[in-house]
Amino acid sequence: QVQLLESGGGLVQAGGSLRLSCAASGVPGSAYRVAWFRQAPGKEREFLAAIDRNGGVTAYADSVKDRFTISKDNTKTTTYLQMNSLKAEDTAAYYCAAALRIGPLRSRTSDYDYWGQGTRVTVSS
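The structure displayed is predicted, hence computed values, not measured ones.

Q: Report on the packing of aromatic side chains, specifying residues and quantitative values.
A: The full count for this structure, using the stated rule, is three aromatic pairs. An angle of 75° between the planes, with centres 5.7 Å apart, marks the rings of F37 and Y112 as edge-to-face. A residue pair is termed long-range when its members are at least 10 positions apart, and F37 in strand β4 (residues 33-39) and Y112 in the loop between β9 (92-99) and β10 (114-115) qualify at 75 residues. According to the relative accessible area criterion, F37 is buried, its value standing at 0%. Each ring, one from F37 and one from W115, has its centre 5.0 Å from the other, and the planes form 55°; the classification is tilted. Note that F37 is positioned in strand β4 and W115 in strand β10, a separation of 78 residues in sequence. Owing to a relative accessible area of 26%, W115 belongs among the partly exposed residues under this scheme. Among the aromatic residues, those joined into a cluster by ring pairs are F37, F47, Y112 and W115. A cation over an aromatic ring shows up here: R19 above the ring of Y80, its NZ or CZ 4.1 Å from the ring centre.

Q: Go over the sheet that holds strand β3 (residues 18-25), please, and point to the residues and values.
A: The antiparallel open sheet is built from four strands, whose spatial order is β1-β3-β8-β7. A single partner strand is all that each edge strand has here, and the edge strands are β1 (3-7) and β7 (68-72). Taken over all neighbouring pairs, the strand axes of this sheet differ in orientation by 15° on average, direction set aside. Sheet topology places β3 next to strand β8 (residues 78-83); six bridges connect them, and they run antiparallel. Looking at β8, one finds that A23 is bridged to T78.

Rules used in this analysis
- Residues numbered from 1 in each chain as written.
- Predicted model: local features only at pLDDT ≥ 70, side-chain atom pairs only at ≥ 80, totals over all residues.
- Heavy atoms only, no water.
- Phe/Tyr/Trp six-rings, centres within 6.5 Å; stacked < 30°, edge-to-face > 60°.
- Helix = DSSP H or I, 4+ residues; strand = E, 2+ residues; numbered from the N terminus.
- Buried < 20%, exposed > 50% of the residue type's maximum accessible area, 1.4 Å probe, protein only.
- Lys NZ or Arg CZ within 6 Å of the ring centre and 35° of its normal.
- Pairing = 2+ DSSP bridges.
- Axes fitted to C-alpha atoms, helices over the stretch in contact; angles between N-to-C directions.

Here it is in structure tokens:
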């Protein structure tokens, strides 16, 4: 069982930056891969980025790959999403998710077993 807690959301002006954190507990950090998703009002949950169990392999959605960076800390228990050059359309609730699975990084919500409660990001234009 993995418990996930996101933090770092807030209000930022367009062009600014935020770093989201996803703190995990319950299972050693090297046992699971982590992904970030977001969901804007009235829209489906959207994949943003994923990182493998050891933090050495990453994958990004085309819409954010030049602006967002996913990483894990040395303990592998906290995963970050550094978001730069934020735009009004980045406004959404951001969720981290974890999967206790071996294999390539995935981008579907069904590929992840555990979810955090989300943190809200609002970008003012």
